[in-house]
Number of protein chains: 2
Amino acid sequence: MARRGRVELRRIEDRTSRQVRFSKRRSGLFKKAFELAVLCDAEVALLVFSPAGRLYEYASSRCA
Amino acid sequence: MARRGRVELRRIEDRTSRQVRFSKRRSGLFKKAFELAVLCDAEVALLVFSPAGRLYEYASSRCA
DNA sequence: ACCTCTATATATAAACA
DNA sequence: TTGTTTATATATAGAGG
C-alpha cells in the first residue's frame, strides 16, 4: 500500500481527498491555535475559508 | 529526568519557559496554517500577539 | 536569544467501517 | 460523510551549548 503519514506540499488534486484533508487539518490547526493562546498567554485570531467558501474562526479573548 | 514531550493545558508559569514555548509553538502554528492553505486550497488568516505585545501574522493570498 | 539533540507526544494519510 | 484504525511523519519538551 501507499506510504502513510507523508504528504507533498502542494494542492491536493482529488476533490474528496482534499475535503477530507481540510476537515482533519482544520481541526488540528484550531487546536494548536487554542493551545498557543492558553499555554503562552498569547492572543490569537484565526480565520479560515474553505474552498467552498465556508468560514471557520477562532479568537482567544482575554477581555471577554 | 522529567518526561519529555508532554504538557498540561494551562498557562506556563515560568516566564522564560513560556517565551521559549511561545517561539516554538508559534513557528509550528504558522507552518500548519501555511500547509492548510496550500494543500487544501483554503484561505487562511492568522494573527498572534505575544504576551509582550508583538504581532505576528500570516495570510494566504489567492488574489495577490 | 537561538541552536542542537532526542525521547516522547501528537498529528495525520490511507484504508476501511 | 463521519468516524475508527494504525503506520508513519511531524511537533515539541526539556536539557544542553
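All chains use their own residue numbering, which begins from 1 and follows the written sequence. Here the convention is simple: chains get letters from A, ligands get numbers from 1, in the order in which they are written. Selection of residues for local features in this predicted model requires a pLDDT of at least 70, selection of side-chain atom pairs for listing and counting requires 80 or more, and totals for whole chains, interfaces and linings are taken over all residues. Side-chain metrics in this entry use all non-hydrogen atoms of the structure; hydrogen atoms and water are not considered.

- UniProt positions are given in the numbering used here, feature names are shortened, and annotations may be inferred rather than shown by experiment. The Subcellular location (unreviewed entry) field of the UniProt record for chain A holds the comment "Nucleus".

### What to know about the overall build of chain A
Here comes step 1: A count of helical and extended segments in chain A gives 1 helix and 2 strands.
Here comes step 2: For chain A, the α and β elements follow one another from N to C terminus as α-β-β.
Here comes step 3: The globule rule used here is 2.2 Å times the number of residues to the 0.38 power, and the radius of gyration it is set against is calculated over C-alpha atoms. Scaling as 2.2 N^0.38, a compact globule of 64 residues should have a C-alpha radius of gyration of about 11 Å, whereas chain A reaches 15 Å, well beyond that.
Here comes step 4: Taken over the C-alpha atoms alone, chain A extends approximately 50 × 25 × 15 Å along its principal axes.
Here comes step 5: Summary of the burial criterion: residues with accessible area below 20% of their type's maximum are buried, those above 50% are exposed, and those between are partly exposed, where the area comes from a 1.4 Å probe applied to protein chains only. Within chain A, buried positions represent 30% of all 64 residues.
Here comes step 6: We call two residues in contact whenever any of their non-hydrogen atoms come within 4.5 Å of each other. By sequence separation, contacts in chain A at least 24 residues apart represent 24% of the contacts at least 6 residues apart.
Here comes step 7: For the area figures, the Shrake-Rupley method with a 1.4 Å probe applies, and any residue is considered shielded solely by the protein chains shown. Entry remark: accessible area of chain A is about 4,600 Å², with carbon and sulfur atoms responsible for 50%.
Here comes step 8: Averaging the coordinates of the 15 positive side-chain charges in chain A and doing the same for the 7 negative ones gives two points 9 Å apart. Where helices and strands are cited, they refer to DSSP runs of H or I of at least four residues and of E of at least two residues respectively, numbered from the N terminus. By the counting scheme adopted, Arg and Lys are positive, Glu and Asp are negative, and His together with the chain ends is not counted. A charged residue contributes its charge at one atom only: NZ of Lys, CZ of Arg, CG of Asp or CD of Glu.

### Re helix α1 (residues 15-40) of chain B
In an α-helix, one turn spans 3.6 residues; hence positions three or four apart end up facing the same way.
Here comes step 1: For α1 of chain B, which comprises 26 residues, the first-to-last C-alpha distance of 37 Å matches the rise-based estimate of 38 Å (1.5 Å per residue) to within 8%.
Here comes step 2: Taken together, the buried positions of α1 of chain B are R18, F22, R26, L29, F30, A33, E35, L36, A37, L39 and C40 of chain B.
Here comes step 3: Elements in contact with the buried residues of α1 of chain B: α1 (15-40) and β1 (43-49) of chain A together with β1 (43-49) and β2 (55-59) of chain B.
Here comes step 4: One or two steps after α1 of chain B, the chain reaches D41 of chain B, where phi turns positive at roughly 60 degrees. Multiplying 1.5 Å by the residue count of a helix minus one yields the expected span of that helix.

### Here we look at the relation of the copies chain B and chain A
Put simply, the second copy of the chain is the first one after a rotation about an axis and a shift along it.
Here comes step 1: In superposing the copies, a least-squares fit is computed on C-alpha atoms, taking residues whose pLDDT is at least 70 in both. Rotating chain B by 180 degrees and translating it 0.0 Å along the rotation axis places it on chain A, where the RMSD comes to 0.0 Å. Seen this way, the second copy is the image of the first under a two-fold rotation axis. In terms of C-alpha distance to the rotation axis, chain B has L46 of chain B as its closest residue, with the C-alpha 2.3 Å off the axis.
Here comes step 2: Most of the interface of chain B is mirrored in chain A, where 100% of its interface residues are also at the interface.

### Describing the sheet that holds β2 of chain B
Here comes step 1: The antiparallel open sheet is built from 4 strands, whose spatial order is β2(A)-β1(A)-β1(B)-β2(B). Strand pairing shows two members of the sheet lacking a second neighbour, β2 (55-59) of chain A together with β2 of chain B, which therefore form its edges. Each adjacent strand pair in this sheet contributes to an overall mean axis angle of 0 degrees, direction not counted.
Here comes step 2: In this sheet, β2 of chain A lies alongside β1 of chain A in antiparallel orientation, the contact comprising 5 bridges. Note on β2 of chain A: the bridge partner recorded for A45 of chain A is A59 of chain A.
Here comes step 3: Packing against the sheet, α1 of chain A makes contact with β1 and β2 of chain A together with β1 of chain B, and its axis sits at approximately 165 degrees to β1 of chain A. Paired strands, in this sense, are two strands between which DSSP finds at least two bridges. Lines fitted to C-alpha atoms define the axes, with helix axes restricted to the stretch in contact, and inter-axis angles between N-to-C directions lie between 0 and 180 degrees.

### Brief notes about the packing of α1 of chain A against α1 of chain B
Here comes step 1: α1 of chain B packs onto α1 of chain A with a crossing angle of 160 degrees between their chain directions and a minimal axis gap of 10 Å. Taken together, the axis directions place α1 of chain A and α1 of chain B in an arrangement best described as roughly antiparallel. α1 of chain A and α1 of chain B meet at a crossing whose hand is left-handed. The segment α1 of chain A lies against α1 of chain B, with R18, R21, F22, R25, R26, L29, K32, A33, E35, L36, L39 and C40 of chain A engaging R18, R21, F22, R25, R26, L29, K32, A33, E35, L36, L39 and C40 of chain B.
Here comes step 2: Residues that form the contact of α1 of chain A with α1 of chain B fall into these classes: 12 nonpolar, no polar and 12 charged. Here the word oblique covers every angle except those under 35 degrees (roughly parallel), over 145 (roughly antiparallel) and from 65 to 115 (roughly perpendicular). By definition, turning the near helix anticlockwise from the far helix through less than a right angle yields a left-handed crossing, and turning it clockwise yields a right-handed one. Charged residues are taken to be Asp, Glu, Lys and Arg, nonpolar residues to be Ala, Val, Leu, Ile, Met, Phe, Trp, Tyr, Cys and Pro, and polar residues to be all remaining types, Gly included.

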